[in-house]
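Breakdown of the fold
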Amino acid sequence: MPMILRTAAASPFGRKVKIAADILGLSDQVTLQASDPFDDEDSLRAQNPLGKIPVLMAEDGSAIYDSRVICEYLDTLAGGGKIFPIEPKARLHALREQALADGMMDAGIVQIYEKRVRPEDKQHAPWLEYQSEKVTRALTYLEENMPVLHHTPTIGEISLACALGYLDFRFNGEWRTTHLKLVEWLEAFTGAVPSYDKTKPPA
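Just so we're clear, the structure is a prediction, and the values are computed from it rather than from any experiment. (Residues numbered from 1 in each chain as written. Predicted model: local features only at pLDDT ≥ 70, side-chain atom pairs only at ≥ 80, totals over all residues. Heavy atoms only, no water.)

Where helix α4 (residues 88-117) contacts helix α6 (residues 155-171), the axes come no closer than 7 Å and their chain directions differ by 20°. On the basis of the axis angle, α4 is roughly parallel to α6. Two packed elements cross with a definite hand, and for α4 against α6 that hand is left-handed. Here α4 contributes Ala94, Glu97, Gln98, Ala101, Asp102, Met104, Met105, Gly108, Ile109, Gln111, Ile112 and Arg116 to the contact with α6, which in turn contributes Ile155, Gly156, Glu157, Ser159, Leu160, Cys162, Ala163, Leu164, Tyr166, Leu167, Arg170 and Phe171. Here the contact of α4 with α6 is built from residues that sort into 14 nonpolar, 5 polar and 5 charged. (Axes fitted to C-alpha atoms, helices over the stretch in contact; angles between N-to-C directions. Helix = DSSP H or I, 4+ residues; strand = E, 2+ residues; numbered from the N terminus. Parallel < 35°, antiparallel > 145°, perpendicular 65-115°, else oblique. Left-handed = near helix turned anticlockwise from the far one by under 90°. Contact = heavy atoms within 4.5 Å. Nonpolar A, V, L, I, M, F, W, Y, C, P; charged D, E, K, R; others polar.)

On to the pairing of strand β1 (residues 3-7). Counting buried positions along β1 gives 5 out of 5 residues, so the element sits mostly inside the fold. Residue alternation in β1 divides its side chains into two sets, Met3, Leu5 and Thr7 and Ile4 and Arg6, and both sets are buried. On the question of chirality, the crossover connecting β1 to the parallel strand β2 (residues 30-34) by way of helix α1 (residues 12-23) is right-handed. Of the strand pairs in this sheet, β1 and strand β3 (residues 55-57) are connected by 3 bridges, and their pairing is antiparallel. Counterpart to Arg6 in the pairing with β3 is Val55. (Buried < 20%, exposed > 50% of the residue type's maximum accessible area, 1.4 Å probe, protein only. Right-handed = clockwise from strand over helix to strand, strands pointing away. Pairing = 2+ DSSP bridges.)

On to a nonpolar patch on the surface, then. Residues Phe38, Tyr113 and Val117 make up a contiguous nonpolar surface patch of roughly 320 Å² in combined accessible area. Note on placement: Val117 falls in helix α4. (Patch = residues over 30% accessible without salt bridge, like charges linked within 9 Å, V, L, I, M, F, W, Y side chains within 5 Å. Areas by Shrake-Rupley, 256 points an atom, 1.4 Å probe, with all protein chains shown as cover. Salt bridge = Lys/Arg side-chain N within 4 Å of Asp/Glu carboxyl O.)

Attention now goes to the nonpolar core. Counting 47 residues, the largest nonpolar core has Leu56, Leu74, Met104, Leu139, Leu164, Leu167 and Trp175 as the members making the most contacts within it. Sorting the residues of this core by element identifies β1, α1, α3 (67-77), α4, α5 (125-144), α6 and α7 (180-192) as the ones contributing at least two each. Take this core: its biggest share by element is 10 residues, from α6. Apart from the residues within four sequence positions on either side, Leu74 is in contact with Met3, Val17, Ala21, Leu24, Leu26 and Leu56. Among the nonpolar cores identified, the runner-up in size contains 5 residues, and Leu44, Ile53, Val55 and Met57 belong to it. (Core = buried A, V, L, I, M, F, W, Y, C linked by side-chain atoms within 4.5 Å.)

Take the packing of α4 against α5 next. Direction vectors running N to C along α4 and α5 enclose 150°, while the axes themselves pass 9 Å from each other. Judged by the angle between their axes, α4 and α5 are roughly antiparallel. Considering the relative orientation of α4 and α5, their crossing is left-handed. Taking contact as the criterion, the partners of Arg96, Leu100, Met104, Ala107, Gly108, Val110, Gln111, Glu114 and Lys115 in α4 are, on α5, Trp127, Leu128, Gln131, Ser132, Lys134, Val135, Ala138, Leu139, Tyr141 and Leu142.

Here it is, written out as structure tokens:
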């Protein structure tokens, strides 16, 4: 039984898993299956009580979530220490980078859902600004503390690329005008990791 990745094309967290699987040489062992977290009839809620994507259905039928856990599971399958460094200091750095990037994606998704789910007159502007400021602070930090791009990207670097890609996808790439070093970094990542373009969400 092949592994099944329950996700959606627009999900930056699902994209993170797909890129990780490709880097680890496991893409051919993972079958993609579309999932809609807002569909009451979707089996996703039985697989993940939180009803969130992505979920990886392992070969034994067990469900693995969220993207952080899935990626570490895939790294283990690939022999370990590939995208999750083994050396403690390097591992901590990669995990912290992942946490920052995941937080950026979460804040972006919250803004999209606020605007999508609530009528315009019901949207809470201070809440949207609060989320937007998280992303702004993260981008400023990263521009001033440029991440390294390793020959085999770490989970932190994969997550960061997906966070920037989500800002391109949902926020028209506005970050690019004021964070030129990060633009160069993402261009380098794109050139080194072909699956980044291959997993780009449809316009």
